[in-house]
Amino acid sequence: MHPSLFLAALCLGIASAAPQLNQSLDEQWYQWKATHGKLYGVYEEGWRRDVWEKNMKMIEQHNWEHSQGKHSFRVAMNGFGDMTNEEFKQKMNGLQMQKHKKGKMFQPPLFAEIPSSVDWRKKGYVTPVKNQGQCGSCWAFSATGALEGQMFRKTGKLVSLSEQNLVDCSQPEGNEGCNGGLMDYAFQYVKDNGGLDSEESYPYHTPGSKLSYSAANDTGFFDVPPREKALMVAVATKGPISVGIDASHFTFQFYHEGIYYDPDCSSEDLDHGVLVTGYGTDVGQSYWIVKNSWGKNWGIDGYIKMAKDRKNHCGIATMASFPIV
């Protein structure tokens, strides 16, 4: 392990000279490492194990409380198990909300029929769940998801689009690659560039690739008024919509199933870009169907059901937008 990383770990308070490890968890630890391909240096293993054990305890506590009816969702150990919440936020959440500038405002149609439930996955609008890796590029995955849906709406063809194209090339519009960005800036880049490459021609994690094959284009973007009713109309009448949310909490890091509601979730401090692909109701509880970009092993095969009509929970309607194609 590099000395500077070890120092950073000390500064985070997650290393100690001799962490008190629970030997009864040895087998689970070894299995978890094998499952997620984790390899550590001699100095790192102890404190990573310590973080993992603390996360295990919090997961067990939350799920016990769920069994007592205190939560509407369960959490589970996943590939983020050896990361503190602070590390997790720094590496995985790259939405730069402070930069947000408003575009054209979407005007919900007055007499549109709004169904009680929508799932655009069933209509062919949504590509499989992708994985951003340890790069703050969530904004790019949210943007491609919205553009993929709008292009399908227009052409009837679903083409997976290139996040790497956005990560590498949309700095002039204001994005900062793995250090974060905004979906609206991504839509602006596609307009300025005259198109966006396909995933096939410009795959993820290929910095510097200059292949050019425009698989999608837009002429700008609409921002949705920051109300859940307006977001519902946009999803029902337009297709998948890019949104920003507060994904900073332990409960989101280890979300597994159920309708996500965390009273500490902010409707203003947003740090993660995702894609709303529909909405529905389960035993009287309304939820948004949200596509994440952390791979299929997180949440419900890469998705999360987020509480709907609960005062803009986690800010899901605060900065919604979609491209115009």
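Here is what the cut-offs are and how they apply
Residues numbered from 1 in each chain as written. Predicted model: local features only at pLDDT ≥ 70, side-chain atom pairs only at ≥ 80, totals over all residues. Heavy atoms only, no water. Salt bridge = Lys/Arg side-chain N within 4 Å of Asp/Glu carboxyl O. Helix = DSSP H or I, 4+ residues; strand = E, 2+ residues; numbered from the N terminus. Buried < 20%, exposed > 50% of the residue type's maximum accessible area, 1.4 Å probe, protein only. Disulfide = S-S within 2.5 Å.

Engineer: Can you help me understand the pattern of salt bridges in this one?
Structural biologist: Any two side chains of opposite charge can pair if their charged atoms end up close together. Enumeration according to the criterion identifies 14 salt bridges in this entry. Across the pair D82 and K38 runs a salt bridge, and its minimum N-O distance is 3.6 Å. In this pair, D82 is assigned in the loop between β1 (73-75) and α4 (85-92) and K38 in the loop between α2 (26-36) and α3 (44-67), connecting sequence segments 44 residues apart. Exposure class is identical for D82 and K38. Each is buried. Between E148 and K130 there is a salt bridge whose closest N-O contact spans 2.9 Å. Placement of E148 in helix α5 (residues 138-155) and of K130 in the loop between β3 (118-119) and α5 is noted, with a sequence separation of 18 residues between them. Here E148 and K130 have matching classes, each one buried. Counted as one network, the salt bridges with shared partners bring together K130, E148, E163 and E199.

Engineer: What am I meant to see in the state of the cysteines here?
Structural biologist: Here, the word disulfide means a covalent bond between the sulfur atoms of two cysteines. Applying the stated criterion across every chain yields a total of two disulfides. At a sulfur-sulfur separation of 2.0 Å, the disulfide partner of C135 is C178. In this structure the cystine formed by C135 and C178 twists about its S-S bond by roughly -95 degrees; its chirality is therefore left-handed. Here C135 is found in the loop between β3 and α5, whereas its partner C178 is found in the loop between α6 (163-169) and α7 (183-193), with 43 residues between them in sequence. With a sulfur-sulfur separation of 2.0 Å, C265 is cross-linked through a disulfide to C314. In this structure, the disulfide formed by C265 and C314 twists by about 115 degrees around the S-S bond and is classed as right-handed. Within this pair, whereas C265 is found in the loop between β8 (255-260) and β9 (272-282), its partner C314 is found in the loop between β11 (303-307) and β12 (321-323), the two being separated by 49 residues in sequence. Taken individually, C265 and C314 each receive the classification buried, so the pair is uniform in this respect.

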